[in-house]
Amino acid sequence: AINGAVYGLLGLGIVLLYKGNRIFNFAQAEFGAVAAFGCYAGVTGFGFVPKVPYPVAAVFGVTIAIGVALLTERLVIRPLFSQPKVTLVVATAGTALLIIAITGFLFGAEGVTLDPVLQGDAFTSGGLLVTKQGLVIVAVLIVLALASALFFSRTRTGTAILAVSMEPTATSLVGISVNRISALTWGFAGLLGGVAGILFAGSSGVLGPGVLTFVALIPAFTAAVFGGITSLPGAFLGGVVIGIVQALGARNIPESVVPSANQVVVFLILLTVLLVRPAGLLGKET
């Protein structure tokens, strides 16, 4: 269920870019992978990267993720922005495949192991086990949720991002740079993806080329759709719900009956929401 917090962070980045550019970013999970690999390089002293303490390595990894997101916006999204939206979506998928290929070349196809931020169990109660890493994930989710809410409601930049998402032509006429806001939006999405990637890789212990896309991207999209693809708070709510349902499915549905039940329930939720309420719980029709 703790993974739901990670899905919420990835889902928030997906919603943010959808609100800003009206596209689905299939490279969002790979922003997280880049950060996790960068953190691993700093923690272990991989290649030319010097060995540094974990917090410094985490900042290094997130910085790389932000840089990759900004490069994606400048080199891929902006030149194609006048093209049909499906072209942009395919371009983000191509970006994800490129990042997977590069990380595979640099770190090997077999993958590496990233230690959690904090090791050990926080407490156990009956069949419930909460690790220290799990508490870190929940704490980070709460902090980023509150920071995001304040940023978009109390700052001029946050208000400008929301304004551009609704009326890009009108906002450009009043002196707001649409290109600047687009870059800020992608940079913020890179930050969220980077934090999510480091927390997820440290929690699962698995870090390989494409792993985050294959394991976390669909649940993150489901979280965004479930909560409302136009609702930033809905992405957090959707992530938590998806994480809980996924954990319940894995625990209560035997593998002999439904293989990979935790993934199957995610697809069922996604399909149900799209059929019954496409706008999601907190979203609005666009």
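Scroll up to find the structure this text is about.
These numbers were taken from a predicted model, which means no experiment stands behind them.

Visitor: With reference to specific residues and values, describe the overall build of the protein chain.
Guide: Across its full length, the protein chain holds eleven helices and two strands. Secondary structure elements of the protein chain, listed N to C terminal, follow the sequence α-α-α-α-β-β-α-α-α-α-α-α-α. Taking all 286 residues of the protein chain together, the buried fraction comes to 49%. Carbon and sulfur atoms form 71% of the exposed surface of the protein chain, whose accessible area is close to 13,400 Å².

Visitor: Outline the nonpolar core, supporting the account with residue identities and numerical values.
Guide: Ranked by size, the top nonpolar core spans 63 residues in total, and within it Leu9, Cys39, Leu114 and Leu207 carry the most contacts. Top contributing element to this core by residue count: helix α1 (residues 3-21), with ten residues. Judged by nonpolar contacts, the second largest core, of 13 residues, contains Leu17, Val34, Ile77 and Ile99.

Visitor: Run through the packing of helix α2 (residues 28-44) against helix α4 (residues 85-107), naming residues and quoting values.
Guide: With their axes 10 Å apart at the nearest point, α2 and α4 run at an angle of 20° to one another. Put simply, α2 runs roughly parallel to α4. The way α2 lies across α4 gives a crossing that is left-handed. Every residue of α4 that contacts α2 at Glu30, Phe31, Val34, Phe37, Tyr40 and Ala41 is listed here: Ala96, Ile99, Ile100, Thr103 and Phe107. Taken together, the residues of the contact of α2 with α4 break down into nine nonpolar, one polar and one charged.

Visitor: Tell me about the environment of Phe81, and please be specific about residues and values.
Guide: For Phe81, the position within the fold is in the loop between α3 (54-77) and α4. Considering only alpha carbons, one finds Phe81 and Asn21, 60 residues apart in sequence, at a separation of 8.5 Å. Setting aside its immediate chain neighbours within four residues, Phe81 contacts Asn21 and Leu88.

Visitor: How would you explain the pattern of salt bridges if you had to name every residue and give the values?
Guide: For the structure on display, the rule yields one salt bridge. Measuring nitrogen to oxygen at the nearest pair gives 3.1 Å for the salt bridge that ties Arg78 to Glu73.

Visitor: Hey, could you go over the packing of α2 against α3 for me, with residue numbers and the actual values?
Guide: Running from amino to carboxyl end, α2 crosses α3 at an angle of 145°, the nearest separation of the two axes being 7 Å. The handedness of the crossing between α2 and α3 is right-handed. Touching Phe31, Val34, Ala35, Gly38, Cys39, Gly42 and Val43 of α2 are Tyr54, Ala57, Ala58, Phe60, Gly61, Val62, Ile64, Ala65, Val68, Ala69 and Thr72, all from α3. Along the lines of polarity and charge, the residues of the contact of α2 with α3 split into 14 nonpolar, four polar and no charged.

Visitor: Hey, could you go over a nonpolar patch on the surface for me, with residue numbers and the actual values?
Guide: There is a patch of nonpolar side chains on the surface, built from Leu98, Ile102, Phe105 and Leu106 and spanning about 460 Å² of accessible area. Counting through the fold element by element, Ile102 comes out in helix α4.

Visitor: Account for the environment of Gly243, naming residues and giving values.
Guide: Relative to the helices and strands, Gly243 resides in helix α10 (residues 232-252). The sequence separation of Gly243 and Asn262 amounts to 19 residues, and the corresponding C-alpha distance is 9.3 Å.

Visitor: Explain the packing of aromatic side chains to me, using residue names and the numbers behind them.
Guide: Aromatic ring pairs are defined here through the distance separating the ring centres and the angle between the ring planes. On inspection of all chains with the given rule, the structure shows eight aromatic pairs. Between the aromatic rings of Phe24 and Phe221, the centroid separation amounts to 5.9 Å while the plane-to-plane angle is 65°, which identifies the pairing as edge-to-face. In this pair, Phe24 sits in the loop between α1 and α2 while Phe221 sits in helix α9 (residues 211-227), placing the two residues 197 residues apart along the sequence. Aromatic ring contacts, followed pair by pair, group Tyr18, Phe24, Phe26 and Phe221 into a single cluster. The ring centre of Phe81 lies 4.2 Å from the NZ or CZ of Lys85, which sits over that ring.

Visitor: Report on the side chain of Ser182, specifying residues and quantitative values.
Guide: Position of Ser182 relative to the elements: it lies in helix α8 (residues 178-204). The buried category is assigned to Ser182, whose relative accessible area is 11%. Each residue touching Ser182, except ones within four places of it in the same chain, is listed here: Asn21 and Glu73.

Visitor: Summarise α4; cite the residues concerned and give the values.
Guide: The α-helix advances 3.6 residues per turn, and as a result positions three or four apart in sequence lie on the same side. For α4, built from 23 residues, the straight-helix expectation of 33 Å at 1.5 Å per residue is met to within 8% by its first-to-last C-alpha distance of 33 Å. Of the positions making up α4, those classed as buried are Leu88, Ala91, Thr92, Thr95, Ala96, Ile99, Ile100, Thr103, Gly104 and Phe107. The secondary structure elements touched by the buried residues of α4 are α2, α3 and α8. Once α4 ends, the next one or two residues include Gly108, with phi positive near 95°.

Rules behind the numbers
Residues numbered from 1 in each chain as written. Predicted model: local features only at pLDDT ≥ 70, side-chain atom pairs only at ≥ 80, totals over all residues. Heavy atoms only, no water. Helix = DSSP H or I, 4+ residues; strand = E, 2+ residues; numbered from the N terminus. Buried < 20%, exposed > 50% of the residue type's maximum accessible area, 1.4 Å probe, protein only. Areas by Shrake-Rupley, 256 points an atom, 1.4 Å probe, with all protein chains shown as cover. Core = buried A, V, L, I, M, F, W, Y, C linked by side-chain atoms within 4.5 Å. Axes fitted to C-alpha atoms, helices over the stretch in contact; angles between N-to-C directions. Parallel < 35°, antiparallel > 145°, perpendicular 65-115°, else oblique. Left-handed = near helix turned anticlockwise from the far one by under 90°. Contact = heavy atoms within 4.5 Å. Nonpolar A, V, L, I, M, F, W, Y, C, P; charged D, E, K, R; others polar. Salt bridge = Lys/Arg side-chain N within 4 Å of Asp/Glu carboxyl O. Patch = residues over 30% accessible without salt bridge, like charges linked within 9 Å, V, L, I, M, F, W, Y side chains within 5 Å. Phe/Tyr/Trp six-rings, centres within 6.5 Å; stacked < 30°, edge-to-face > 60°. Lys NZ or Arg CZ within 6 Å of the ring centre and 35° of its normal. Expected span 1.5 Å × (residues − 1).

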